[in-house]
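Read off the chains here:
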Amino acid sequence: EGLLKLQHLFSLVDQNRTLELRAVKRFRNSSEANEYLRDIEFNSTNDRKYVILECDAVTAKTIIITHVSSTGSLFLIGLVVLGLLKLQHLFSLVDQNRTLELRAVKRKSLSSLRLLMDALDIYMGKRNFHFLLTSLVMDDYLNDKVSEFGAVNITGFRILKPSTPEFRLFFNHWRKIDPISGVMIANGAENKVASISADAAMMYDGAKVLLDTYQRLFSRHPEAFRNNFRRGEMYNSGAKGIDCRSEPISKWEHGDKIRKFMMKTNINGLTGVLAFDELGYRSNFSVDVVEMTINSEMAKIAVWTQEKGLSIVPAKYHRVLQENTKFDNKTYIVTSILEEPYLMMKAQEKGVVNEGNNRFEGYSKDLADLISNHLQINYELRLVRDNKYGGLDTNSHHGWNGMVGELIRHVSVY
């Protein structure tokens, strides 16, 4: 199926568009896919990579999260090696007329560095990757806030219509049955509706088509099946039952009538208009082309219809504030550590007593002041109690010491 979709992509290419295929890889699991992506990254670090993923929603999500998160460790290794190489280069510059005395080399805790680099790299290292998800899996991520999705370019297709009355009516009934899956958030924003997979939605629409077909059939022919069910038995054209193994196959005597009623279906479903052409193919439906923003939210960038083909639409990007974000009447504790030039004790001037945050100076102090002024918040700068950046600690109840431990214990916010 993946190769058929790829072939269809090539069929869409004309003289004004070119598509160069570098490689096709079939993988059995997400681990094989991530290993292949790592090879691509090492062989062409600075090039743009356009990756077409043909898999289910869970596998695609695992591949992308692992792909983004794994870069933190790679970047950390590069950082440590780079530091040693620079140190070696400094020694190579020393000649007989110059001396360089090395007093100490301090290696920061790898665990705390890895935590920091992983957090930073989510939004720094993978913008040259662009994933195209060919299956209708974007609907599975409708209300799935995954930060890794904002670290790479992700484009996909969505067939659900969350803003339609039909979709809202469905979830109003569903949440009575399943209050967890069917919860709808106030204001009915499209990106805040509980998610449902495209497969499940199309199953629902298929069942709705059958119910609508039989309702119209029975309204016009109330006794259409009267002679087919007698004394607990089913008859077809006067014979008992239908032998599906016979040659030629015995057709259901009402099959053609049911097909004609089904062909005249014209109702709304979770995936849009449910109608069919003279050959029985679905018609008058549309597919949205969406991309993930840096906030891990979907933005519609195009729409495809049978009549007009692909039409580009202006994307509506917006930044969503964190829920329950209230800065009033709060003083935030900011934990840091003395490390030039980031944070240092301010020199005491004669006749001046440095108190509170004025005791410190440096890059971190200046940045904290800018943030607090911009957000109109109050903060108190404190030094970490154990004078450590943070690492795994078996003696700690929360498993970490240093600044990382204070974050976990909610002693500070940074």
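Model, not experiment: these values are computed from the prediction.

Buried residues dominate strand 10 (residues 286–292), accounting for seven of its seven residues. Side chains Ser286, Asp288, Val290 and Met292 project from strand 10 onto one buried face, and the interleaved Val287, Val289 and Glu291 project onto a second face that is buried too. Relative to strand 11 (residues 298–305), strand 10 is paired through seven bridges, and the arrangement is antiparallel. Residue Met292 lies in a different strand from strand 11, and its bridge partner there is Met298.

This part takes up the confidence of the model for the chain. Per-residue confidence for the chain gives a mean pLDDT of 77; residues scoring 70 or more make up 72%. Low pLDDT (under 50) marks residues 71–82, which in the prediction has 16 contacts with non-local residues, meaning those over four places away or in another chain. Between residues 108–125, whose pLDDT stays under 50, and residues either more than four places distant or in other chains, the model counts 35 contacts.

Along the chain, the position of Thr293 falls in the loop between strand 10 and strand 11. Excluding its chain neighbours within four sequence positions, the residues that come into contact with Thr293 are Phe149, Gly150, Ala299 and Tyr317.

This part is about unusual backbone geometry. Going from Glu340 to Pro341, the amide bond is cis rather than trans, its omega being -5°. Mapped onto the secondary structure, Pro341 falls in the loop between strand 13 (331–336) and strand 14 (344–345). The backbone of Asn284 sits at a positive phi, close to 60°, despite the residue not being glycine. Note on placement: Asn284 falls in the loop between strand 9 (282–283) and strand 10.

Time to look at the pattern of salt bridges. Overall, the coordinates contain 11 salt bridges when judged by the stated rule. Between Lys208 and Glu166 there is a salt bridge, and its shortest N-O distance comes to 2.6 Å. A residue pair is termed long-range when its members are at least 10 positions apart, and Lys208 in helix 6 (residues 198–220) and Glu166 in helix 5 (residues 165–177) qualify at 42 residues. Residue class for Lys208 comes out partly exposed when judged on its relative accessible area of 21%. Overall, Glu166 belongs to the buried group, its relative accessible area being 16%. The salt bridge partner of Asp212 is Arg216, with a shortest N-O separation of 2.9 Å. Of this pair, Asp212 and Arg216 both sit in helix 6, separated by four residues, roughly a single helical turn. Taking the relative accessible area as the measure of exposure, Arg216 reaches 23% and is therefore partly exposed. One salt-bridge network, held together by shared partners, links Arg158, Lys161, Asp288 and Lys300.

Turning next to the packing of aromatic side chains. Following the criterion strictly, the structure yields eight aromatic pairs and no others. When the centroid spacing of 6.3 Å and the interplanar angle of 80° are considered together, the rings of Tyr342 and Tyr363 count as edge-to-face. With Tyr342 in the loop between strand 13 and strand 14 and Tyr363 in helix 8 (residues 363–375), the pair connects residues that are 21 residues apart, well separated along the chain. If you follow Arg230 out to its NZ or CZ, it ends over the ring of Tyr235, 4.0 Å from the centre.

Each value, and the rule that gives it
- Residues numbered from 1 in each chain as written.
- Predicted model: local features only at pLDDT ≥ 70, side-chain atom pairs only at ≥ 80, totals over all residues.
- Heavy atoms only, no water.
- Buried < 20%, exposed > 50% of the residue type's maximum accessible area, 1.4 Å probe, protein only.
- Helix = DSSP H or I, 4+ residues; strand = E, 2+ residues; numbered from the N terminus.
- Pairing = 2+ DSSP bridges.
- pLDDT = per-residue confidence, 0-100.
- Contact = heavy atoms within 4.5 Å.
- Salt bridge = Lys/Arg side-chain N within 4 Å of Asp/Glu carboxyl O.
- Phe/Tyr/Trp six-rings, centres within 6.5 Å; stacked < 30°, edge-to-face > 60°.
- Lys NZ or Arg CZ within 6 Å of the ring centre and 35° of its normal.

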